[in-house]
Amino acid sequence: MKKVLIIGPYITNIGGVSIHISRLMHLLKGDFESDFIDESRQRSEGVYNIRSLNPFPYIKKLISADIVHIHSGISILRLFHVIVCLLLFKKTIVTVHRDINIEKRKKLTRFFLRRCSKIILVNQVSYDFVTENYKKSNCFLIPAFLPPILENEPELPSEVKKWIGNCRSQHGFLLSANASYLAINNGQDLYGLDMCIDAVEKLNDKGNAQIFLIFVVADTLKNAPLLQKYKKEIEASNLQNHILIWEGGLSFIRLIQQSDVVLRTTNTDGDALTIRESLFLNKPVIASDVVSRPEGTIVFKTRNLDSLVETIAKTLRGNTQGKSKITVPNYKQIYTDIYNS
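Per chain, the residues get numbers from 1 upward, laid out in the order the sequence is written. Per-residue local features of the predicted model are confined to residues with pLDDT of at least 70, and side-chain atom pairs are confined, for both listing and counting, to 80 or more; whole-chain, interface and lining totals are unaffected and use all residues. As a rule here, side-chain values cover all heavy atoms of the structure and leave hydrogens and water aside.

Side note on the packing of aromatic side chains
- Working definition: a ring pair exists when centres of Phe, Tyr or Trp rings (six-membered ring for Trp) sit within 6.5 Å. Plane angles under 30 degrees give stacked, over 60 give edge-to-face, the rest tilted. Per the counting criterion, the structure on display carries 7 aromatic pairs.
- Arranged with centres 5.6 Å apart and planes meeting at 45°, the rings of F145 and F280 form a pair that is tilted. Highlighted residues: F145 in the loop between strand 6 (139–141) and helix 6 (158–169) and F280 in helix 10 (residues 273–280), separated in sequence by 135 residues.
- On the basis of relative accessibility, which here comes to 1%, the residue F145 falls in the buried class. Strands here are runs of E lasting at least two residues and helices are runs of H or I lasting at least four, both read from the DSSP assignment and numbered beginning at the N terminus. Any residue under 20% of the maximum accessible area for its type is buried, any over 50% is exposed, and the rest in between are partly exposed; the area is computed with a 1.4 Å probe on protein chains only.

Pasting the structure below:
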C-alpha cells in the first residue's frame with residue numbers, strides 16, 4: 001500500500017482546506033496509508049507540527065513517503081516544501097486552493113510547480129496561468145469540493161439553534177455566510193462582512209420581511225480590531241437582533257441546511273467550498289462575480305452593495321435562476337488515478 005504524506009492544516013482545524021483534506025483522507029481510506037505534517041498555529045496532539053521547528057521528524061516523514069501531497073495555503077511554505085521534495089527526488093503533488101494570481105511570488109511559484117509530479121488547480125484562472133505554454137497532462141482542474149460526510153457533522157451549538165428559532169418565530173428569512181478569518185485585500189474586506197451588514201440593514205429598512213444573518217468567523221485572533229469594529233457598527237445600527245457574528249467553529253453544513261440563502265461576498269476567491277456545498281444541498285447561494293462560479297450560483301457585482309441587496313431580494317422572492325444541484329463526479333477514482341499515476 002502506497003504511503004501518502006499530506007502537508008497542510010490538520011483536519012481538526014477550522015477552514016476550507018482542512019475540511020477538504022479531511023474528506024480526501026476519508027475518501028481514500030483503505031487504499032492508501034496516510035501520514036501528516038501539520039502547518040496550523042493551533043497544535044493537534046499526536047500530530048507533528050512544522051512550527052515546532054524540529055527538522056528531524058519532517059525529513060523522516062518525507063523520506064518514508066511514496067507520495068507527498070502539499071495543500072499549503074501560505075505561498076512561502078508551499079515553495080519551501082516543494083523545493084525540499086525536489087531535492088529529495090520525491091513524487092510530489094501540489095493542490096493550490098486559491099487564485100494563484102493574487103500571490104506575490106506567482107511566477108516563482110509557477111516555475112517550481114511545473115517541476116512537481118502533478119499540479120491540481122481549483123479554478124480556471126489559476127489553471128490557465130500555470131498551464132500557459134506548458135504541457136497540460138501534468139495539471140488537473142478539479143474543484144476543491146468533496147462530498148460532505150453528513151452523518152459525521154456535529155449538531156449546531158444550542159445558542160445558534162435558539163437564534164435560528166427566534167428568526168423563524170418572526171417568520172424571517174435566514175442568510176448565512178462565513179470567513180476563515182477577517183482579512184483586507186486591496187483595501188477592502190476580503191470576505192465582505194461589511195457588505196453583509198449593510199445589506200441586512202437596507203433589506204430590513206424596506207420593511208417587506210424580517211431578514212436575519214449568521215456570519216461565522218472561524219479564527220477571531222487574526223484582525224481582531226476589525227471584528228470589534230463590525231460588532232460596534234451592528235450595535236450602533238440596532239441590528240444585534242438581526243445579525244449574529246458567530247466566533248469560532250461550527251458545522252457550516254448544518255447551518256446551510258437551516259438557511260434560506262447562503263452568501264459568498266468575497267473580493268477574491270479560489271473554488272469556494274461554501275458555494276459547492278450549498279449547491280450540493282440544493283440551497284440558493286449568492287456569490288460575487290470576482291471569478292467564474294459553478295453553474296447554479298446566483299451572482300452579483302463584486303463590492304456593489306445595491307447589486308447585492310437587489311440580488312438577495314430577488315432570490316427571496318424566487319425571481320432568480322439558480323439553486324442547481326451539482327452532479328458529483330467519482331472523486332475517489334479521480335484521486336486514485338492521480339496517485340497511482
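Here we look at the sheet that holds strand 13 (residues 285–288)
- Any two strands between which DSSP finds at least two bridges are classified as paired. Across the sheet, 6 strands lie side by side as 11-10-7-12-13-14; this open sheet has parallel pairing. Both outer strands of the open sheet, strand 11 (243–247) and strand 14 (298–300), are each paired with one neighbouring strand and no more. Neighbour-to-neighbour, the strand axes of this sheet turn through a mean angle of 25°, independent of strand direction.
- Bridge analysis of strand 13 against strand 14 gives 3 bridges, and the strand direction is parallel. Here an axis means a line fitted to C-alpha atoms, over the contact stretch when the element is a helix, while the angle between two N-to-C directions is reported on a 0 to 180 degree scale.

Side note on the pattern of salt bridges
- In what follows, salt bridge is the name for a side-chain nitrogen of Lys or Arg lying within 4 Å of a carboxyl oxygen of Asp or Glu. All chains considered together, the criterion is met by 15 salt bridges.
- A salt bridge links D31 to K332; the nearest nitrogen and oxygen atoms lie 2.5 Å apart. With a gap of 301 residues between them, D31 in the loop between helix 1 (16–28) and strand 2 (33–38) and K332 in helix 12 (residues 331–340) connect regions that are remote in the sequence.
- Owing to a relative accessible area of 36%, D31 belongs among the partly exposed residues under this scheme.
- One salt-bridge network, in which partners are shared between bridges, spans R78, R98 and E103.

Observations concerning the pairing of strand 10 (residues 211–219)
- Within strand 10, 9 of the 9 residues are buried, leaving the element largely enclosed by the surrounding structure.
- In this sheet, strand 10 lies alongside strand 7 (residues 173–181) in parallel orientation, the contact comprising 8 bridges. Bridging across to strand 10, L175 finds its partner in L213.
- When strand 10 meets strand 11, the two strands line up parallel, connected through 5 bridges. Bridging from a neighbouring strand, V216 pairs with W246 of strand 11.

Examining the sheet that holds strand 2
- Reading across from one edge, 2-1-3-4-5-6 is the order of the 6 strands in this open sheet, with parallel pairing throughout. With partners counted over all chains shown, the strands left at the sheet margins are strand 2 and strand 6, one partner each. Between one strand and the next, the sheet's axes are offset by a mean angle of 20°, whatever the strand orientation.
- Bridge analysis of strand 5 (residues 118–121) against strand 6 gives 3 bridges, and the strand direction is parallel. Bridged to I120 within strand 6 is F140.
- Contacts were defined at the residue level, with two residues in contact if any of their heavy atoms lie within 4.5 Å. Sitting on the sheet, helix 5 (residues 124–131) touches strand 5 and strand 6, and the angle it makes with strand 6 is about 165°.

Considering the side chain of H69
- In this fold, H69 is placed in strand 3 (residues 67–70).
- Since its relative accessible area comes to 0%, H69 is described here as buried.
- Engagement of the side chain of H69 in a polar contact is seen with the side chain of H71, the distance being 3.3 Å.
- A distance of 2.6 Å separates the side chain of H69 from the side chain of Y339, its partner in a polar contact. Within 3.5 Å is the distance limit for a polar contact, defined as a pair of N or O atoms, with the added protein rule that one can donate a hydrogen and the other accept it, and that residues adjacent in sequence qualify only through two side-chain atoms.

Details of the packing of helix 3 (residues 75–87) against helix 4 (residues 106–113)
- Interhelical geometry of helix 3 versus helix 4 gives an angle of 30° and a closest axis separation of 10 Å. On the basis of their axis angle, the class for helix 3 and helix 4 is roughly parallel. Relative to helix 4, helix 3 is oriented so that their crossing is left-handed. Facing helix 3, whose interface residues are R78, L79, V82, I83 and L86, helix 4 presents L108, T109, F112 and L113. Note on angle classes: values under 35 degrees are labelled roughly parallel, values over 145 roughly antiparallel, values of 65 to 115 roughly perpendicular, and the remainder oblique. Crossing handedness is defined as follows: a turn of the near helix away from the far one that is anticlockwise and smaller than a right angle gives a left-handed crossing, while the clockwise case is right-handed.

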